[in-house]
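Below are the chains, spelled out letter by letter.
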Amino acid sequence: MASVAESEFRLASRRRRFSRRRLGQAAAPYALLTPATAVIGAILAYPLYLLVKMSFERYGIRSLFTHKGTWIGTANYASIFHDAEFWHVVLRTVLFTTTCVVLTMMLGTAIALLLLQVGRFVRVALTTALVLVWSIPVIVAVDLWRWMVDYEFGVANWTLTKLHVGHFVRHDWFANPWTGLGVFVALIVWGAIPFVTITVYAALAQVPQELLEAASIDGARPWAVFREVTLPLLKPIFVILTSLSIIWDFQVFQQIWVMLDARPSTDYYTMAIYAFHQSFQISEYGLGAAIAVVMVAFMFLATLVYLRQMLRTGEVH
């Protein structure tokens, strides 16, 4: 009897140790993430709280000195939601973001597919050029593009004229909002292509060649192979890249602001510029905060898609 009781006691002890070990292993990742989460929360949570709080207040120049706004509830949100200009800005921002993201993903994927077909020397040269473009600071890139489309000395104007595309001598690209926004789309896409291309190329290199060869043997054309075999395998990568591109392109500010010498007309307002205008140019900080909160809500939706896809990818692997 004593030996049986002793055996049961040892078995129970082992079970408790095993349970504590599993609990410790399950809690270890959360314990490691806690310091970083606390720091991020301290850095981001409090400013976000102040932003939301200010969006419910009338906060003008006088409030900057008193550090106290007047509580007006949802009046700021009612004001912007009933403002036709706000909805024009939202529509312009959505169309601008969509155009940039679509062109970036299409061109980046096309260049990544091209890298698989060219020789080693050309591949290294193209990859080096992409990395160099990616490494250029935003302000420097804006200055380069401003010189290229300059009214008097723009190399783009001279090149297009020499190629007989049209008469672009002393052509002001920003006199017409459509051509001006086209320049900004080209600038954004040019700067975003390297990241997409390198990421997609790395993913394409991991696609099993056996599947591609089997599809080719079955008579599938290259486009059908890409659509039916490659694209489903790379869907998580494309969703993640698209989500990140939406987040980045939706908040474009520096390129437009610097290119237009900090004096963009209303035809060039995106949500970021519109919020800055309301806050710092006409000193309606409460309205600017409300616009920023709406902008954060849009960004949050895109981030949810990104996080959801990241979790799904982690579950698959």
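Remember, it's a predicted structure, so these values are computed and weren't measured experimentally.

Colleague: How would you sum up the overall build of the protein? Please name residues and give values.
Modeller: If you tally the helices and strands in the protein, you get 14 helices and 2 strands. Out of the 317 residues belonging to the protein, those deemed buried represent 33%. For the protein, the proportion of contacts with a sequence separation of at least 24, taken over those separated by at least 6, is 64%. When the accessible area of the protein is evaluated, it comes to approximately 20300 Å², of which 68% is carbon and sulfur surface.

Colleague: So, the packing of helix α4 (residues 84–117) against helix α11 (residues 235–250): which residues are in play, and what are the values?
Modeller: The contact between α4 and α11 brings their axes to 9 Å, and the two run at 140°. Taken together, the axes of α4 and α11 lie oblique to each other. Handedness of the crossing formed by α4 with α11: right-handed. Side by side, α4 and α11 meet where Thr93, Phe96, Thr97, Cys100, Val101, Met105 and Thr109 of the first sit next to Phe238, Leu241, Thr242, Ser245, Ile246, Asp249 and Phe250 of the second. A breakdown of the residues in the contact of α4 with α11 according to their chemical character gives 8 nonpolar, 5 polar and 1 charged.

Colleague: Go over the pattern of salt bridges, please, and point to the residues and values.
Modeller: Under the criterion given, the structure shown has 4 salt bridges. Ionic pairing is found between Lys53 and Glu57, a salt bridge with its closest N-O pair at 2.8 Å. The exposure class assigned to Lys53 is partly exposed, which follows from its relative accessible area of 35%. A salt bridge links Arg146 to Asp261; the nearest nitrogen and oxygen atoms lie 2.7 Å apart. Here Arg146 is found in helix α6 (residues 138–148), whereas its partner Asp261 is found in the loop between α12 (254–259) and α13 (271–281), with 115 residues between them in sequence.

Colleague: Lay out the packing of aromatic side chains in plain terms, naming residues and giving numbers.
Modeller: Applying the stated criterion to the full structure yields 21 aromatic pairs. Here Phe81 and Trp87 contribute two aromatic rings whose centre-to-centre distance is 6.0 Å and whose plane-to-plane angle is 25°, an arrangement assigned as stacked. Here Phe184 and Tyr268 contribute two aromatic rings whose centre-to-centre distance is 6.0 Å and whose plane-to-plane angle is 80°, an arrangement assigned as edge-to-face. Of this pair, Phe184 sits in helix α8 (residues 177–204) while Tyr268 is found in the loop between α12 and α13, placing the two residues 84 residues apart along the sequence. A single burial state applies to Phe184 and to Tyr268, both of which are buried.

Colleague: Which residues make up unusual backbone geometry, and what values do they have?
Modeller: A positive phi angle is found at Asp261, which is not glycine, with a value near 55°. With a phi angle near 60°, Ala262 is a residue other than glycine that sits in the positive phi range. Following the sequence through the fold, Ala262 ends up in the loop between α12 and α13. Exposure remark for Ala262: the relative accessible area of 29% places this residue in the partly exposed category.

Colleague: How would you summarise the side chain of Thr93 if you had to cite specific residues and measurements?
Modeller: Looking at the element boundaries, Thr93 is found in helix α4. The buried category is assigned to Thr93, whose relative accessible area is 1%. What Thr93 contacts, discounting residues up to four positions off in sequence, is Phe250, Thr270 and Met271.

Colleague: If you had to explain a nonpolar patch on the surface to someone new, which residues and values would you point to?
Modeller: Together, Val39, Ile40, Ile43 and Leu44 make up a nonpolar patch on the protein surface, roughly 400 Å² of accessible area in all. When you line up the elements, Ile43 lands in helix α1 (residues 2–55).

Colleague: Mind laying out the nonpolar core, listing which residues take part and the relevant values?
Modeller: Formed by 46 residues in total, the largest nonpolar core has its most connected members in Ile80, Phe86, Phe96, Phe174, Phe184, Met259 and Met271. Those elements giving two or more residues to this core turn out to be α3 (75–81), α4, α6, α8, α11, α12, α13 and α14 (285–316). For Ile80, the contacting residues outside a window of four places in its chain are Phe86, Trp87, Leu287, Ala290, Ile291 and Val294. In terms of nonpolar packing, the next biggest core, distinct from the first, is built from 15 residues, Met105, Val196, Val207 and Val225 among them.

Colleague: Quick rundown of the environment of Val207? Include the residues and the values.
Modeller: For Val207, the position within the fold is in the loop between α8 and α9 (209–217). The buried category is assigned to Val207, whose relative accessible area is 6%. Through-space distance from the C-alpha of Val207 to that of Leu234 is 8.4 Å; in sequence the pair is 27 residues apart. Apart from the residues lying within four places of it in its own chain, the contact partners of Val207 are Leu212, Thr230, Leu233 and Leu234.

Colleague: Hey, could you go over the side chain of Gln278 for me, with residue numbers and the actual values?
Modeller: Tracing the backbone through its elements, the reader meets Gln278 in helix α13. On the basis of relative accessible area, Gln278 is assigned to the buried category, the value being 9%. If near-sequence neighbours (up to four positions away) are discounted, Gln278 is found in contact with Ser283, Glu284, Tyr285, Leu287, Gly288 and Ile291.

Rules behind the numbers
Residues numbered from 1 in each chain as written. Predicted model: local features only at pLDDT ≥ 70, side-chain atom pairs only at ≥ 80, totals over all residues. Heavy atoms only, no water. Helix = DSSP H or I, 4+ residues; strand = E, 2+ residues; numbered from the N terminus. Buried < 20%, exposed > 50% of the residue type's maximum accessible area, 1.4 Å probe, protein only. Contact = heavy atoms within 4.5 Å. Areas by Shrake-Rupley, 256 points an atom, 1.4 Å probe, with all protein chains shown as cover. Axes fitted to C-alpha atoms, helices over the stretch in contact; angles between N-to-C directions. Parallel < 35°, antiparallel > 145°, perpendicular 65-115°, else oblique. Left-handed = near helix turned anticlockwise from the far one by under 90°. Nonpolar A, V, L, I, M, F, W, Y, C, P; charged D, E, K, R; others polar. Salt bridge = Lys/Arg side-chain N within 4 Å of Asp/Glu carboxyl O. Phe/Tyr/Trp six-rings, centres within 6.5 Å; stacked < 30°, edge-to-face > 60°. Patch = residues over 30% accessible without salt bridge, like charges linked within 9 Å, V, L, I, M, F, W, Y side chains within 5 Å. Core = buried A, V, L, I, M, F, W, Y, C linked by side-chain atoms within 4.5 Å.

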